[in-house]
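Tertiary structure, described
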Amino acid sequence: MTNTSRTLLFVGLASALSGQVAVAQTTGDSGANRLEEVMVTAQRRSQNLQEVPVAVTSFTNRQLEAAQIREAGDLVRFVPSLTGGINVGTGGAISFFMRGLGSTEQVATFDVPVALYVDEIYIARQSVNNVSMFDVERVEVLRGPQGTLFGRNSTGGAVSISMAKPGNELGGFVEAGVGSWGRQTIRGSLDIPVSDTVLTKFSGFYLEDDGYARSTTLDERVNSEKNWGVRAATTVMLNDRVTWDLSYDYIDSDRTTLGFLPFDPEYRTRTGLALTDCDSSIIDTFLNEQQGNCSNIRTGGITSNLNWEMDWATLNVITGYRHTDQSFALDFQIGPNTAGPLGGFMIANEVDHDQFTQEFKLVGNTDRLSWVAGAFYLYEDSTTDALDSFGFATAFPLGLLLGHKRLENETDSLAFYLQGDYRLTDSLELTLGGRYTDETKEVDFTSLIRNSYPASFIPAFAPPDLLPTSANMVAAGIPLKQDETQFSPRVALTYTMNDDLLFFASATNGFKSGGWNARANSAPLNSDFGPEEAWSYEVGMKSEWLDGNLRLNLTGYFLEVEDLQVLSGFESPTGIEFLTQNAADLEAMGLEFEIAYAPLANLEFFINGSVSDGGEYKNIPPLLGAGGVPCSATPEPLNCTTEDDDPVRFPEQQVNAGVSYSVPVGAGELVFNGALSYQSSYWSSTYNDLGTVTGVPVGSDTPVTADFSETGDTTMVNIGATYAAPSEQWTATLECQNCSNEYFFTSSLAGTGYPVLPRWVNFRVRYNF
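Residues numbered from 1 in each chain as written. Predicted model: local features only at pLDDT ≥ 70, side-chain atom pairs only at ≥ 80, totals over all residues. Heavy atoms only, no water.

Some points on the overall build of the protein chain
Each helix and strand in the protein chain was counted, giving four helices and 48 strands. Against the compact-globule benchmark of 27 Å for 769 residues, the protein chain has a radius of gyration of 26 Å, which places it among compact chains. Expressed as a percentage of the 769 residues in the protein chain, the buried residues total 60%. Within the protein chain, contacts between residues separated by at least 24 positions form 68% of all contacts whose residues are at least 6 apart in sequence. (Helix = DSSP H or I, 4+ residues; strand = E, 2+ residues; numbered from the N terminus. Rg over C-alpha atoms; globule rule 2.2 N^0.38 Å. Buried < 20%, exposed > 50% of the residue type's maximum accessible area, 1.4 Å probe, protein only. Contact = heavy atoms within 4.5 Å.)

Here you go:
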């Protein structure tokens, strides 16, 4: 992009409407100001959305219900510039991509650039980021680097979830539902005030279904789900100035998402690996009983937030601890032998992860200065036992054991941050901020190869001097420790023309930590990679019109990323390998818009979306692809990223629109909700020179060509209707997701695709007391 075109972009955007809009609820008043004021904590303090110079989308609990956002992954169809889908294999992990920045890898040596926070606690692992929205007060999605205040790896953006706090009156709700694929759900919450100063809340959910896909080999349902979770929270008012919020949550999730060959019938898998329950000994279960195709995550955590309102500032002492056990054994169906009893390419992992965070946050203000300062500490400790196997032949059912190792890694990260908003005049405000981070990461690799294995398996491990052990990695010149210090600044200028019109311009920096390629079964391939750094330059304006009934905002951005971490997977003679490198820089620019309009007290519209150039890779050094062939060759070999490739999961257009309309029915009310989401085509793989694949469908002799790594233009529709009895004592809801039953892949891995869920119809009844 030339300097002239860049200047024209920002001059044009500065004269347009810019900012962010949340879909707000009507007040029920037929007069002015039908859009509710939206409060956000995008700058780590409570502010009106329309006064914050940050690109942020906010959802209340009621809006989450109306939009059928049941888990974090559902956000990708309602937030500008946000894409993604369930990660390959495990349903607890979502690959979020924001403005072209994201990660498809959930192994513990990788960090994600779209960070997740729950009650201000950073959730480090992607494997548990698909949070169930069963006890939520508010969700905020921040776009662009959040290097200062949400600084942990937030080069792409951040998802901040605020859980519901205990109420001061006895009450709650219980809800039950039934739906497609035999799904059954129940959830509820109960507020019990022990006294005027001690409030408690107890919540829980359970859901189960039979699975939306089928194995053509085993003739049984797959991709089923069985989840349950509980949460207990208390608020203790120690005195007039000190409040202590404490909560505990635990979730047990069995959710497998096997992929499909794109030329096979929809939602039909060829895997011949028998299903089993996933537990902590899944590696032995696969070896000794030849069963797998399961994924289980058990995660629990404690959150503590002590709030002390002093005369000169408010101090928050925020403490979080989380433990996660993850087990999975999944057939990724690479190769021609997936119908065998050992599947195709099979990965079994047993993961034990602990994280501890401690933060001290100070918030204060004077007549002209508002400021936030703090210190943040993170400690992570993770152990992963991994087994890789490749199905050798259907007629001769043996498996090649490619790797059996243990990965242990630790992270120590300490940061200090400060941001101030100073009013230069009554209309002009200057924001200056920065965050200093000092971080250390360490890894240790150990071989778990046994003296003998069951007769169904043939050891095919790398030679002893190439096994993925710490000693072999050091011999290959790969460091086992990374030390990194970073300073991430932010500057913004905000001009408030009047109560309804605000302009801003900002420059924000963020970085994402380095790591190691930890999936490979050869020491030299477990190479290290460094951090990536992003600068985002934004202009915008937030506005309200028609007596507050129309909210119209846009954000324009130009993004520059250095040392982009690019991940790709490729098939090798011994299975599949993964390799991440700081292989490119990235430049992108775009425009995001959000509109909410309530012309009547019972009618509301929203529309949001983004337009971008899709991004460009820059400054890629000469690389070699599969087989040692230069990436400059034609056709381009596997495992290559070149400047001719398009960044992944970065559609050039997104439009999301919806409507809510209510009418009285007897003494109650009937509310209709509908939403439509459109995304233009994008690539789901860094190897994007071939968007289709040809093969012979199961049960056929005729080859067909099907879309694969290039996802075409897609449109999805959700609709719902809710009847609410007087005073909303009870409600009944009928809803449908993906009503047009669209089928397309959001993720792909070396020939296997992972699509959106099929059409899902659900009926639920809720009783409030």
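Examining the sheet that holds strand 8 (residues 114-118)
In space, the five strands of this open sheet follow the order 3-10-11-8-9, with mixed pairing throughout. Here the strands that pair on one side only, and so sit at the sheet edges, are strand 3 (56-60) and strand 9 (121-123). Between one strand axis and the next, the sheet turns by 20° as a mean value, whatever way the strands run. (Pairing = 2+ DSSP bridges. Axes fitted to C-alpha atoms, helices over the stretch in contact; angles between N-to-C directions.)

Brief notes about the state of the cysteines
Counted according to the given criterion, the structure contains one disulfide. The disulfide that involves Cys-736 links it to Cys-739, with 2.3 Å between the sulfurs. Residue classification places Cys-739 among the buried residues on the basis of a relative accessible area of 16%. (Disulfide = S-S within 2.5 Å.)

With respect to the pattern of salt bridges
Applying the stated criterion across every chain yields a total of 43 salt bridges. We note a salt bridge from Arg-125 to Asp-111, for which the minimum N-O separation is 3.0 Å. Of this pair, Arg-125 sits in the loop between strand 9 and strand 10 (136-143) while Asp-111 sits in the loop between strand 7 (101-102) and strand 8, placing them 14 residues apart in sequence. For the pair formed by Arg-125 and Asp-111, the shared burial category is buried. (Salt bridge = Lys/Arg side-chain N within 4 Å of Asp/Glu carboxyl O.)

Some details on the packing of aromatic side chains
In this description, an aromatic ring pair is defined by two values, namely the gap between the centres and the angle between the planes. According to the stated counting rule, one finds 19 aromatic pairs in the structure shown. Aromatic pair Trp-181 and Tyr-212: ring centres 5.6 Å apart, planes at 50°, arrangement tilted. On the criterion of sequence distance, the pair formed by Trp-181 in the loop between strand 12 (171-179) and strand 13 (183-193) and Tyr-212 in the loop between strand 14 (198-209) and strand 15 (213-215) is long-range, its members being 31 residues apart. Residue classification places Tyr-212 among the buried positions, given a relative accessible area of 13%. Judged by centre distance (5.9 Å) and plane angle (85°), the rings of Phe-260 and Tyr-267 are edge-to-face. We classify Phe-260 as buried; its relative accessible area is 0%. Put simply, the rings of Trp-181, Tyr-212, Phe-260, Tyr-267, Phe-708, Tyr-743 and Phe-745 touch in pairs and so form one group of aromatic residues. Note that Arg-99 overlies the ring of Tyr-557, its terminal NZ or CZ placed 4.1 Å from the centroid. Here the guanidinium or amino end of Arg-766 rests over the ring plane of Phe-173, the centre of that ring lying 3.6 Å away. (Phe/Tyr/Trp six-rings, centres within 6.5 Å; stacked < 30°, edge-to-face > 60°. Lys NZ or Arg CZ within 6 Å of the ring centre and 35° of its normal.)

Re the pairing of strand 10
Buried residues dominate strand 10, accounting for seven of its eight residues. Here strand 3 runs beside strand 10; their pairing, made up of five bridges, is antiparallel. Residue Thr-57 lies in a different strand from strand 10, and its bridge partner there is Val-141. Where strand 10 and strand 11 (residues 157-163) come together, seven bridges link them in antiparallel fashion.

Focus on the side chain of Thr-269
On the secondary structure map, Thr-269 appears in strand 19 (residues 268-269). Residue Thr-269 is classed as buried on the basis of its relative accessible area of 0%. When near neighbours in sequence (up to four residues on either side) are disregarded, Thr-269 contacts Arg-214, Ser-215, Thr-216, Thr-217, Val-222, Gly-259, Phe-260 and Gln-333.

A closer look at the nonpolar core
The biggest cluster of nonpolar side chains holds 32 residues, and the ones touching the most others in it are Leu-75, Val-139, Val-159 and Ile-161. Going through the elements one at a time, strand 4 (82-86), strand 6 (94-98), strand 8, strand 9, strand 10 and strand 11 are the ones with two or more residues in this core. Those residues in contact with Val-139 that sit more than four places away from it in its chain are Thr-57, Ser-58, Phe-59, Leu-64, Leu-75, Met-133, Val-159, Ser-160 and Ile-161. (Core = buried A, V, L, I, M, F, W, Y, C linked by side-chain atoms within 4.5 Å.)

Re a negative patch on the surface
Taken together, the side chains of Glu-36, Glu-37, Glu-51, Asp-499, Asp-500 and Asp-547 make up a negatively charged region of the molecular surface. By the element assignment, Asp-499 lies in the loop between strand 29 (481-498) and strand 30 (501-512). Residue Asp-499 is classed as exposed on the basis of its relative accessible area, which comes to 82%. (Patch = residues over 30% accessible without salt bridge, like charges linked within 9 Å, V, L, I, M, F, W, Y side chains within 5 Å. Areas by Shrake-Rupley, 256 points an atom, 1.4 Å probe, with all protein chains shown as cover. Lys, Arg positive; Asp, Glu negative; His and termini not counted. Charge placed at Lys NZ, Arg CZ, Asp CG, Glu CD.)

Focus on the confidence of the model for the protein chain
Across the protein chain, the average pLDDT comes to 90, with 92% of residues at 70 or higher. A low-confidence stretch, residues 1-31 stays under pLDDT 50, and its non-local contacts, those more than four residues away or across chains, total 104 contacts. (pLDDT = per-residue confidence, 0-100.)

Some remarks on the sheet that holds strand 4
Pairing within the open sheet is antiparallel, and its three strands lie in the order 4-6-7. Every interior strand has two partners, whereas the edge strands, strand 4 and strand 7, have only one. Of the strand pairs in this sheet, strand 6 and strand 7 are connected by two bridges, and their pairing is antiparallel. Note that in strand 7 the partner of Met-98 across the bridge is Leu-101.

Notes on the environment of Val-363
Its place among the elements puts Val-363 in strand 24 (residues 345-365). Taking the C-alpha atoms as reference, Val-363 lies 5.2 Å from Thr-314; in sequence the two are 49 residues apart. Ignoring any residue separated from it by four or fewer positions in sequence, one finds Val-363 in contact with Arg-44, Arg-45, Ala-313, Thr-314, Trp-371 and Val-372.

Description of unusual backbone geometry
Even without a glycine there, the phi angle at Arg-649 is positive, about 50°. Mapped onto the fold, Arg-649 is located in the loop between strand 37 (616-618) and strand 38 (653-665). Of the residues examined, Arg-649 reaches a relative accessible area of 3% and is grouped as buried.

What about helix 3 (residues 282-289)?
All of the buried residues in helix 3 are Ile-282, Ile-283, Thr-285, Phe-286 and Leu-287. Looking one or two residues beyond helix 3, the residue adopting positive phi is Gln-290, at roughly 55°.

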